[in-house]
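Listed here are the chains, written in short residue letters.
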Amino acid sequence: MSKITQLMKNEAFLAYSTYTAIVLLKMMLMSLITIYFRMTRKAFSNPEDITALGNSEASKKYLQTDPDVERVRRCHLNDIENIVPFIGIGLLYALSGPDLSTALLHFRIFAVARIFHTIAYLTPLPQPSRGLSWLVGFVVTISMACRVLTTGLYL
Amino acid sequence: MSKITQLMKNEAFLAYSTYTAIVLLKMMLMSLITIYFRMTRKAFSNPEDITALGNSEASKKYLQTDPDVERVRRCHLNDIENIVPFIGIGLLYALSGPDLSTALLHFRIFAVARIFHTIAYLTPLPQPSRGLSWLVGFVVTISMACRVLTTGLYL
Amino acid sequence: MSKITQLMKNEAFLAYSTYTAIVLLKMMLMSLITIYFRMTRKAFSNPEDITALGNSEASKKYLQTDPDVERVRRCHLNDIENIVPFIGIGLLYALSGPDLSTALLHFRIFAVARIFHTIAYLTPLPQPSRGLSWLVGFVVTISMACRVLTTGLYL
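About the thresholds
Numbering of residues begins from 1 in every chain and follows the order in which that chain's sequence is written. Here every chain gets a letter starting at A, and every ligand a number starting at 1, in the order they are written. Predicted model: local features are reported for residues with pLDDT of at least 70 only, side-chain atom pairs are reported and counted for 80 or more only, and whole-chain, interface and lining totals are derived from all residues. As a rule here, side-chain values come from all non-hydrogen atoms in the structure, and water together with hydrogens is ignored. Each axis is a line fitted through C-alpha atoms, and for a helix only the stretch in contact is used; angles between axes span 0 to 180 degrees, taken between their N-to-C directions. Numbering goes from the N terminus for both helices and strands, where a helix is a DSSP run of H or I of at least four residues and a strand is a run of E of at least two. Each angle is binned into one of four classes, with values under 35 degrees roughly parallel, values over 145 roughly antiparallel, values of 65 to 115 roughly perpendicular, and all other values oblique. Whether two residues are in contact is decided by their heavy atoms, any of which lying within 4.5 Å being enough. Aromatic rings from Phe, Tyr and Trp, with only the six-membered ring used for Trp, were paired whenever their centres fell within 6.5 Å, and each pair was classed as stacked if the ring planes differed by under 30 degrees, edge-to-face if by over 60, and tilted otherwise. Here, a charge over a ring is recorded when the distance from Lys NZ or Arg CZ to the ring centre is within 6 Å and its angle to the ring normal is within 35 degrees. The atoms used to superpose the copies are C-alpha atoms, taken from residues with pLDDT of at least 70 in both, and the fit is least squares. Two parts placed together each lose some accessible area under a 1.4 Å probe, and the buried area is that loss summed for both. A pairing counts as a salt bridge when a side-chain nitrogen of Lys or Arg comes within 4 Å of a carboxyl oxygen of Asp or Glu. What qualifies as a polar contact is a pair of N or O atoms within 3.5 Å, subject to a donor-acceptor requirement within protein and to the restriction that residues adjacent in sequence count only when both atoms come from side chains. Amino acids outside the nonpolar list (Ala, Val, Leu, Ile, Met, Phe, Trp, Tyr, Cys, Pro) and the charged list (Asp, Glu, Lys, Arg) are all regarded as polar, and Gly is one of them. UniProt positions are given in the numbering used here, feature names are shortened, and annotations may be inferred rather than shown by experiment.

(A) Broad picture of the packing of helix α3 (residues 67-95) of chain A against helix α4 (residues 100-122) of chain A. Residues and elements named next belong to chain A. Orientation of α3 relative to α4, taken along the N-to-C sense of each, is 175°, at an axis distance of 10 Å. Put simply, α3 runs roughly antiparallel to α4. Between α3, through R71, V72, R74, C75, N78, D79, N82, I83, F86 and Y93, and α4, the contact on the second element is made entirely by T102, A103, H106, F107, F110, R114, H117, T118, Y121 and L122.

(B) A look at the packing of aromatic side chains. On inspection of all chains with the given rule, the structure shows 24 aromatic pairs over all chains. Lying over the aromatic face of Y121 of chain B, R130 of chain B brings its terminal NZ or CZ to 4.3 Å of the ring centre.

(C) Layout of the relation of the copies chain A and chain B. Of the two same-sequence chains, chain A is brought onto chain B (RMSD 0.0 Å, axial shift 0.0 Å) by a rotation of 120°. Taken together, the rotation angle and the small translation identify this as a three-fold axis. Residue V84 of chain A, judged by its C-alpha, is the member of chain A lying nearest the rotation axis, at 4.4 Å. The share of interface residues of chain A whose copies in chain B are also at the interface is only 14%, consistent with the copies meeting through different surfaces.

(D) View of the interface of chain A and chain C. Counting residues at the interface gives 37 residues for chain A and 35 residues for chain C. Between chain A and chain C, the buried area comes to about 3000 Å², and carbon and sulfur atoms account for 71% of it. Run the count over chain A and chain C and you get three salt bridges. For R71 of chain C, the salt bridge is made with E48 of chain A, and the minimal N-O distance between the two is 2.8 Å. Taken together, the links from chain A to chain C amount to nine residue pairs in polar contact (both at pLDDT 80 or more). With 18 residues, the single largest contributor to the side of chain A that touches chain C is helix α1 (residues 11-41) of chain A. Class assignment of the residues belonging to the side of chain A that touches chain C gives a composition of 23 nonpolar, eight polar and six charged.

(E) Examining the UniProt feature "transmembrane region" (unreviewed entry) in chain A more closely. All names here are of chain A. The UniProt entry lists residues 12-37, 103-122 and 134-154 under the feature "transmembrane region" (unreviewed entry), expressed in the numbering used here. Structurally, residues 103-122 is divided into 100% helix and 0% strand, and its ends, taken at the C-alpha atoms, are 29 Å apart. For residues 134-154, the end-to-end C-alpha separation is 30 Å, with 86% helix and 0% strand making up the annotated structure.

(F) Seen up close, the relation of the copies chain A and chain C. Laying chain A over chain C is done by rotating through 120° and shifting 0.0 Å along the axis; what remains is an RMSD of 0.0 Å. Comparing contact sets, just 14% of the residues at the interface of chain A also lie at the interface in chain C, consistent with a heterologous contact between different surfaces.

See the structure below:
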């Protein structure tokens, strides 16, 4: 345990670490769901993915798009667009010495909002459930960015 | 203030923190611009986004692509492709103990190049303004990567 | 050298730094390959990119998609989907004080898997070469995430 760096002894950083791992694992889950839908809906993007399915002439029709596959891919891209800023700004936020309870509040709300966003996108739930969960995650990230920029600016 | 970690007292790291927050906020702005264009151009990807607009039969035609929406989305994706390497390599660069003035030069040029890239993409300005601003950001990131790899390699 | 921060003296962190720079540079290479294919296949997304090619009436047909360009773009997006989690989780993993040899094993396997994935995607090699190289990188990232979450959880 002596090799664990100082940062990991900082509770706010440990909380950042926990929630970053959780939201990134959730994001990686989208890859598995994409594969599942590509297999069950038989909708592939690459000719070489199809030949394994047998007769290559008959299987050419599987080079198609499918609404469910496209939905998962949009959800995955939305994750990237929102989780990348969370990780980058969240790291700086955790290093800026926030109150532990405030930091936990930010991380917990973001994680719950993104998990709910995925459920709302894939079910799909009627709007504005997906829109609101996206907005909550967005506002949490803005809030952390404000803290980072007010802690110290070096332009 | 005593809780602010040592890293945040490092001026090069503080500069990295400032510019990372700026470029990530700029990237997040693309989400808002996408929403604005989807609303005004009435071009949506998900059926559940349309029902809020009223009569669902008549509004099916809004499940369409729009050149302006697609343009913002390409700009957003280009941001991700370039800002992710900047954040990852920039963090290591800031930790590698660069001269403060050199580090500031890298961060400032990158931020200005990416902001100009967005303006050039969305206006759109005639080429090669967008291409050049992309290239400037690209070269800055390569330059930081060279510094990171020459500071210490552990293969 | 005295300005180099403590982190960079940690061998596991230095290894993380080296491999992160390598995989991000590899990812940035995809932008150059995209440009190369767009030029040689004459397949562009933006009208302003074409006017530089001369007569704008005759060149409108270059506003097209090309299978090779789309293949590179899918490969680039797959990189983002997999390298972002590697960087985020890998940073926390490197800070969690892993055995140096175990950490190097993770980073080396991931880097080789992603480089092979790109070769398999762009050649293209017959499946399951691309699928397996994707899976190897995915499992390495999951393995690092497990280490991060078992080192310390703060929910």
